[in-house]
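# Commentary on secondary and tertiary structure
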Amino acid sequence: MDADRLWFNARLATLAEGTPGLGIVDHGALACKDGRIVYAGPMADLPPSLRAKERIDCAGRWITPGLIDCHTHLVFGGDRAQEFEMRLAGASYEEIARAGGGIVSTVKATRAAGEDDLVTSALPRLDHLLAEGVTTVEIKSGYGLDTETELRSLRAARRLGEARPVTVTTTFLGAHALPPEANGDKAAYVAKVVDEMLPAVAAEGLADAVDAFCEGIAFSPDETARVFEAARAHGLPMKLHADQLSNLHGAALAARFGALSADHLEYTDAEGAAAMAAAGTVAVLLPGAFYFIRETKKPPVELFRAAGARMALATDCNPGTSPLTSLLLTMNMGATLFRLTVEECIAGVTREAARALGRLDEVGTLEAGKWCDLAIWDIERPAELVYRIGFNPLHARVWRGK
Ligand SMILES: [Zn+2]
């Protein structure tokens, strides 16, 4: 067997399904050919016929699957630091809104930005994720809220995946908020999302999934269902911002449509958790938003465990409620704020994040046949990835074998 590259003398956390815990291999090796893993397992079991063009001694370092951020709003115009400063100085939401703040300010800045501007402003955020071993990132639209800007945002997201060695998956989030010019007419705006925006996005092949924000301040379950029916008609999988601020039974709605994931979930109940487990809908927890808006209600981790629902973790990187570009810190927050275990945190940014994107057959574990996306760490044990705060022990990042 020929291989392009062989990493040996490594400790592997394969995250392979059916293996206990993190799927640890103590004296491990991993080989790739044409960007795909051809072997991941004990050094002792390496096929004797394996000939590698390049051999890399890992000196006992740990290798995990490349990290996956499965929920971000990385592409947007402007920033909201000034609004943050105003709020800390005691300004009310009304005063901030009058000063042009809030999501409307991001929509305005995103509409004013050209495609190049959107790519350029997102690159430092993407680079920060990559510096911590991210090899796949999901990016949502949702700050355009008109056809032209939604398309431009998704094109910018796709271009980010060409500008850097990383896999970008894109999600159309037209039903994120009501644009100011809709004058409160949600039904008319949802009709526009369904009849005009989504067909245009699908025609250009710009989205891998469709998302919506199901909440009192956003769209109702009925409106969300209309968006999902349209997504289904276009053959696109679904994701949902669900039960973040109240229980509108968004988790159950997502499960009913067989959505890939339901995200946030602070207010999800036992019924919702059971429906998600039965449908295979992944619970994507977003501790950065929980922290930043100083939410006090935690997602029902115990209910997800009891029901057997899978849990992933993501940054939710966005300018309003989670200006976070660190999956390592996200893991620490998942543990400290939500009491996830080390195994749950690491699986949540690898295997389960891949599942939440419908990409588990391609990435998320160290198994032959998958893309050779790796993070190589200077650590003594995997718990260090979750334990430390503001420290990056990444030694090397490998995307598709390089
Ligand atoms: Zn979000």
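Residues numbered from 1 in each chain as written. Predicted model: local features only at pLDDT ≥ 70, side-chain atom pairs only at ≥ 80, totals over all residues. Heavy atoms only, no water.

## Focus on the sheet that holds strand 8 (residues 167–175)
Pairing in this open sheet of 8 strands is parallel, and the strands run 6-7-8-9-10-11-12-13 from one edge to the other. At either margin of the open sheet sits one strand with a lone partner, and together these are strand 6 (67–69) and strand 13 (311–313). Strand-to-strand, the axes of this sheet are offset by a mean angle of 25 degrees, without reference to chain direction. Sheet strands in contact with helix 7 (residues 221–233) are strand 8, strand 9 (209–214) and strand 10 (239–242), and its direction is about 175 degrees off that of strand 9. Sitting on the sheet, helix 12 (residues 327–338) touches strand 6, strand 7 (134–140), strand 12 (282–285) and strand 13, and the angle it makes with strand 13 is about 130 degrees. (Pairing = 2+ DSSP bridges. Helix = DSSP H or I, 4+ residues; strand = E, 2+ residues; numbered from the N terminus. Axes fitted to C-alpha atoms, helices over the stretch in contact; angles between N-to-C directions. Contact = heavy atoms within 4.5 Å.)

## Some words on the UniProt feature "binding site: Fe(3+)" (unreviewed entry) in the protein chain
When the UniProt feature table is mapped onto this chain, "binding site: Fe(3+)" (unreviewed entry) is found at His-71, His-73, His-241 and Asp-316. Maximum C-alpha separation among the annotated residues is 12.2 Å over a sequence range of 246 residues, consistent with a single clustered spot. Mapped onto the elements of the fold, His-241 is located in strand 10. Leave out the neighbours within four places in its chain, and His-241 touches His-71, His-73, Lys-140, Leu-173, Asp-211, Ala-212, Phe-213, Cys-214, Asp-263 and His-264. In terms of polar contacts, His-241 uses its side chain to reach the side chain of His-73, at 3.4 Å. Topologically, Asp-316 is positioned in the loop between strand 13 and helix 12. With a relative accessible area of 2%, Asp-316 lands in the buried category. Contact partners of Asp-316, with chain neighbours within four places excluded, come to His-71, Thr-72, His-73, His-264, Leu-286, Ala-289, Thr-321 and Ser-322. (UniProt positions renumbered as here; feature names shortened; annotations may be inferred. Polar contact = N/O pair within 3.5 Å; in protein donor to acceptor, adjacent residues only side chain to side chain. Buried < 20%, exposed > 50% of the residue type's maximum accessible area, 1.4 Å probe, protein only.)

## Focus: the pairing of strand 11 (residues 261–264)
In the case of a regular strand, side chains alternate between the two sheet surfaces. Across 4 bridges, the pairing between strand 10 and strand 11 is parallel. Counted as the bridge partner of Ala-242 is His-264 from strand 11. Assessed by its sense of winding, the connection that carries the chain from strand 10 through helix 8 (residues 250–256) to strand 11 is right-handed. Remark: the strand 11/helix 9 (residues 270–279)/strand 12 crossover connection has right-handed handedness. (Right-handed = clockwise from strand over helix to strand, strands pointing away.)

## Things to note about helix 4 (residues 115–130)
In this model helix 4 runs 22 Å from its N-terminal to its C-terminal C-alpha over 16 residues, within 8% of the 22 Å that 1.5 Å per residue would give. In helix 4, a bend of some 35 degrees at Leu-123 exceeds every other bend along the element, and Pro-124, a proline, comes one to four places later. Of the residues making up helix 4, those classed as buried are Leu-118, Val-119, Ala-122, Leu-123, Arg-125, Leu-126, Leu-129 and Leu-130. The inward-facing, buried residues of helix 4 abut strand 6, helix 3 (103–112), strand 7, helix 5 (147–163) and strand 15 (394–398). (Expected span 1.5 Å × (residues − 1). Bend = angle between axes of the 7 residues up to and from the residue.)

## Description of the UniProt feature "binding site: 4-imidazolone-5-propanoate" (unreviewed entry) in the protein chain
Sequence positions flagged by UniProt for "binding site: 4-imidazolone-5-propanoate" (unreviewed entry) are, in local numbering, Arg-80, Tyr-143, His-176, Gln-244 and Thr-321. Turning to its location among the elements, Tyr-143 is positioned in the loop between strand 7 and helix 5. If we skip the residues at most four places from it in the chain, Tyr-143 touches His-73, Val-75, Phe-76, Ile-103, Thr-106, Val-107, Thr-110, Glu-150, His-176, Asn-318 and Pro-319. In this fold, His-176 is placed in the loop between strand 8 and helix 6 (186–203). From its side chain, His-176 meets the backbone oxygen of Gly-142 in a polar contact 2.8 Å long.

## Comments concerning unusual backbone geometry
The phi dihedral of Asp-316 is positive, around 60 degrees, even though this residue is not glycine. We note that Arg-339 has phi near 60 degrees; this positive angle belongs to a residue other than glycine. As for its placement among the helices and strands, Arg-339 is situated in the loop between helix 12 and helix 13 (342–348). Owing to a relative accessible area of 58%, Arg-339 belongs among the exposed residues under this scheme.

## A short note on the state of the cysteines
Chemically, a disulfide is nothing more than a covalent bond linking the sulfur atoms of two cysteines. Under the counting rule described, the total for this entry stands at 0 disulfides. The structure places no disulfide on Cys-32, whose sulfur is separated from the nearest cysteine sulfur, that of Cys-372, by 4.2 Å. With no disulfide of its own, Cys-70 lies closest to Cys-345 among cysteine sulfurs, the gap being 13 Å. (Disulfide = S-S within 2.5 Å.)

## Looking at the coordination of the zinc ion
Those donors, His-71 (NE2), His-73 (NE2), His-241 (NE2) and Asp-316 (OD), are the protein atoms that reach the zinc ion, and they lie 2.1 to 2.4 Å from it. Angles of 82 to 169 degrees at the metal separate the 4 donor atoms of the zinc ion, which places the site in the irregular class. We note that the donor set of the zinc ion lies within a single chain, spaced as H-x1-H-x167-H-x74-D. Of this pair, His-73 sits in the loop between strand 6 and helix 1 (81–88) while His-241 sits in strand 10, and the two are 168 residues apart along the sequence. (Donors = N, O, S within 2.8 Å, 3.2 Å for Na, K, Ca; no water. Tetrahedral: all angles 85-135°; square planar, octahedral: opposite > 155°, others 65-115°.)

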